[in-house]
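For reference, the chains in residue letters:
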Amino acid sequence: MRLASETNTVENFVQKPKTLAALRVEIAEGRTTAADLAAGYYQRIEKINPRLNVYLSLTKERALEQAAHIDALAAKGDPLPPLAGIPVGIKDVLVMKGAPATAASKILKGYRPPYDATAVTRLEAAGAVLLGKINCDEFAMGSSNENSAYGPVRNPVDTERVPGGSSGGSAAAVAANMAVATLGTDTGGSIRQPASFCGVVGVLPTYGRVSRYGLIAFASSLDRVGPFAGNVRDAATLLGVIAGHDAHDATSSPAPVEDYAAESDKPVEGLKIGVPDEYFAEGLDTEVRAAIQKGIDALQAAGCTVKRVSLPHTKYAIPTYYLVATAEASANLARFDGVRYGYRSPASDTLSAMYSHSRDEGFGAEVKRRILLGTYALSAGYYDAYYLKAQQVRRLLAEEFLRAFADVDAIVTPTSPMPAFKLGEKSGDPLAMYLADIYTVTASLAGLCGVTVPCGATSAGLPVGMQVLGAHFRESTAFRVARAVETAMNG
Amino acid sequence: MTAKVTVNDVERVAELAHLELTPDESAHMLTDLNAILDYVAELNELDTAGVAPLAQVSELGSFVSAPRPDLSAPSLDRAAVMPQAPESDGAFFKVPKVIER
């Protein structure tokens, strides 16, 4: 008996974007213009977006205005800013003034925010051309991008598979060259896991490294904004642009921003790399394990000392994460009530009915599930047993990492226990979907930085990502290690 | 911490969260919440007596905070904000009646 999947050709939209350095030379030397580049990207988006469902809305007018500004600079021979003319897509949980901001939810239908997120402002100030708003799981809640109210994103590597989530669209956009780079957000793995599933680079900055101003909040003590790119150096350049203190976000850090791209050029010889036993235990796909082992061997060959480390609280990370994240989400999502913006249920004769009808009609099933779980964990009689307990375990998890980083410069693990799964494969079982986040939620809870770097593929050609974790504010080290893996594994 | 959630619990929590669930939704949520809460009960294995809860990683040593001075400053313009409301008169948000008679 032959399975359908053996007879059908896999539909594939993979195309690697040019590097920032190559595009910079082309624009500076007048071989292309920012306007032509943007027009080319819009053409490609028009052609393949109906199949991949990556973009939810385009910001053409704003993009072309910025492109014209960059082209005027280039024509005059003026110095070009670091991202001059680079087409970038924005996950639709970050606001852009006047553009639809949906968070992939029906409850924000019609909302056009009157301000820009700080990361958006900084990208544009650095010369980036912002193409549009990108699909994701509703309110960034999900690991497959199947929870979007506007339909799932398909994985450019194999359109029958999910791109991961919640920033599935941001990863897919780079994999399919529908943007040179994108912004995503990561609360429990939402940048790192889709980067792994789509074969691109994704960065989780240290908590507080990038301002959250203008990010539609999910879980405020965990939410991060970070870049996706086609290679490590470009991702490092993007982080350098968006990182840094912002008076609009009291949790943003005043720690100096390093030249991450230049740091990523440094050799890794002499670095100590930790490999935690708990991330290679039961449940890890054998092909993923083999690919990651090759990456570890490559680091050793490049002169790193590889050391086994133990993080015994790892198994408690998923329950801890899903209690903390949902509790914070239930509070954050209370603001969507049909009063100030977005959707209001039309026929309600009292305020109270209007609240509950608007929320019931506006939110999708996963968002409701998490609001209920979070509300339950915070409610009288359960607060100590669930929420407080989870916060105590969160400290144990964070301290365990800090002890490990006293001995090693970086920790490497698989990003996900499995390669990209099929659409519909896990969507009926919320707990199974949560369990797939096992290797990413730990760094979220501990506030660490991390990079997902492509590290080989399965025999079916599905990308495997290695997660390189760094201590707080040690992005430079994580980029160096990721760069070495990239060079060794992908030429 | 292993207490089973009942339909009444789901309805009570939904009310707290201003969510009105259909009976079908309630039934699904009941199954899902029980499965998830069963799983998170694993945390009971850990003795956390004397462990201070960690609400924010910025409580850890490696973080420096830089709160802004507490000064009044202009915020978003009302004229830019109010048109986003489903119903407003330009200065106030309009909502259905608060008290039912």
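One structure accompanies this document, and this report is about it. Starting afresh in each chain, residues are numbered from 1 along the sequence in its written order. Chains carry letters and ligands carry numbers; both start at the beginning, A for chains and 1 for ligands, and go up in the order they are written. Two thresholds apply to this predicted model, a pLDDT of at least 70 for residue-level local features and 80 or more for giving and counting side-chain atom pairs, whereas whole-chain, interface and lining totals are computed over all residues.

1. A short note on the interface of chain A and chain B
(1) Moving on: Facing the 62 residues of chain A at the interface are 48 residues of chain B.
(2) Moving on: Helix numbers and strand numbers start at the N terminus; a helix is a DSSP run of H or I with at least 4 residues, a strand a run of E with at least 2. Contributing elements (two or more residues each) for the side of chain A that touches chain B: helix H11 (317–332), helix H12 (351–362), helix H13 (365–378), helix H14 (384–405) and helix H15 (430–435) of chain A.
(3) Moving on: Ranked by residues supplied to the side of chain A that touches chain B, first place goes to H14 of chain A with 12 residues.
(4) Moving on: Classification used: nonpolar for Ala, Val, Leu, Ile, Met, Phe, Trp, Tyr, Cys and Pro, charged for Asp, Glu, Lys and Arg, polar for all others including Gly. Broken down by class, the residue content of the side of chain A that touches chain B amounts to 32 nonpolar, 18 polar and 12 charged. Remark: residues whose backbone-derived C-beta atoms lie within 7 Å of one another are considered to be in contact.

2. Some thoughts on the sheet that holds strand S3 (residues 129–134) of chain A
Residue and element names in this part refer to chain A.
(1) Moving on: In spatial order, the strands read S1-S3-S2-S4-S6-S5-S10-S11-S9-S7-S8; together these 11 strands make up an open sheet with mixed pairing. The sheet terminates laterally at strand S1 (55–58) and strand S8 (305–309), the two strands that pair on one side only. Taking each pair of neighbouring strands and ignoring which way they run, the sheet shows an average axis angle of 30°.
(2) Moving on: Angles here are taken between N-to-C directions and fall from 0 to 180 degrees, while the axes themselves are lines fitted to C-alpha atoms, restricted in helices to the stretch in contact. Those strands touched by helix H6 (residues 168–175) are strand S2 (87–91), S3, strand S4 (181–186), strand S5 (201–204) and strand S6 (224–229), and its axis lies near 155° from that of S4. A pair of strands is considered paired only if DSSP assigns at least 2 bridges between the two.

3. Side note on the packing of H11 of chain A against H14 of chain A
All names here are of chain A.
(1) Moving on: Interhelical geometry of H11 versus H14 gives an angle of 125° and a closest axis separation of 9 Å. One way to sum up the angle between H11 and H14 is to call them oblique. In this structure, H11 crosses over H14, and the sense of that crossing is left-handed. In this structure, H11 contributes Ala317, Thr320, Leu323, Val324 and Ala327 to the contact, and H14 contributes Tyr386, Tyr387, Ala390, Gln391, Val393, Arg394 and Leu397.
(2) Moving on: Each residue belonging to the contact of H11 with H14 can be placed in one class, and the counts come to 9 nonpolar, 2 polar and 1 charged. In this scheme, roughly parallel covers angles under 35 degrees and roughly antiparallel covers those over 145, while 65 to 115 is roughly perpendicular and the rest are oblique. By the definition used in this description, the sense in which the near helix is turned from the far one sets the handedness, with an anticlockwise turn below a right angle giving left-handed and a clockwise turn giving right-handed.

4. Details of the pairing of S4 of chain A
All names here are of chain A.
(1) Moving on: Once C-beta atoms are placed from the backbone, each residue is buried if 20 or more other C-beta atoms lie within 10 Å of its own, exposed if 12 or fewer, and partly exposed for counts between those two. Within S4, 6 of the 6 residues are buried, leaving the element largely enclosed by the surrounding structure.
(2) Moving on: Both faces of S4 are covered, namely the face carrying Ala181, Leu183 and Thr185 and the face carrying Thr182, Gly184 and Asp186.
(3) Moving on: Sheet topology note: the S2/S4 ladder contains 3 bridges and is parallel. Opposite Gly89, over in S4, you have Thr182 as the bridge partner.
(4) Moving on: When S4 meets S6, the two strands line up antiparallel, connected through 6 bridges. Within S6, the position partnered with Asp186 by the bridge is Arg224.

5. Remarks on the environment of Met466 of chain A
All names here are of chain A.
(1) Moving on: With respect to the element layout, Met466 can be found in strand S11 (residues 463–470).
(2) Moving on: Classification of Met466 by C-beta neighbours within 10 Å gives buried; the count is 28.
(3) Moving on: Met466 sits 273 residues away from Gln193 along the chain, and the two C-alpha atoms are 9.7 Å apart.
(4) Moving on: The contact partners of Met466, leaving out residues within four places of it in the chain, are Ile292, Gly295, Val412, Pro414, Thr415, Val453, Cys455 and Val485.

6. Looking at unusual backbone geometry
Most peptide bonds adopt trans geometry, and most residues besides glycine take a negative phi value.
Residue and element names in this part refer to chain A.
(1) Moving on: Each neighbour pair has its own omega, and for Gly165 with Ser166 the value is 5°, a cis peptide bond.
(2) Moving on: Within the secondary structure, Ser166 is located in the loop between S3 and H6.
(3) Moving on: Of note, Ala140 is a non-glycine position whose phi angle comes to about 65°, a positive value.
(4) Moving on: Examined against the element boundaries, Ala140 turns out to sit in the loop between S3 and H6.
(5) Moving on: Since 29 C-beta atoms lie within 10 Å of it, Ala140 is described here as buried.

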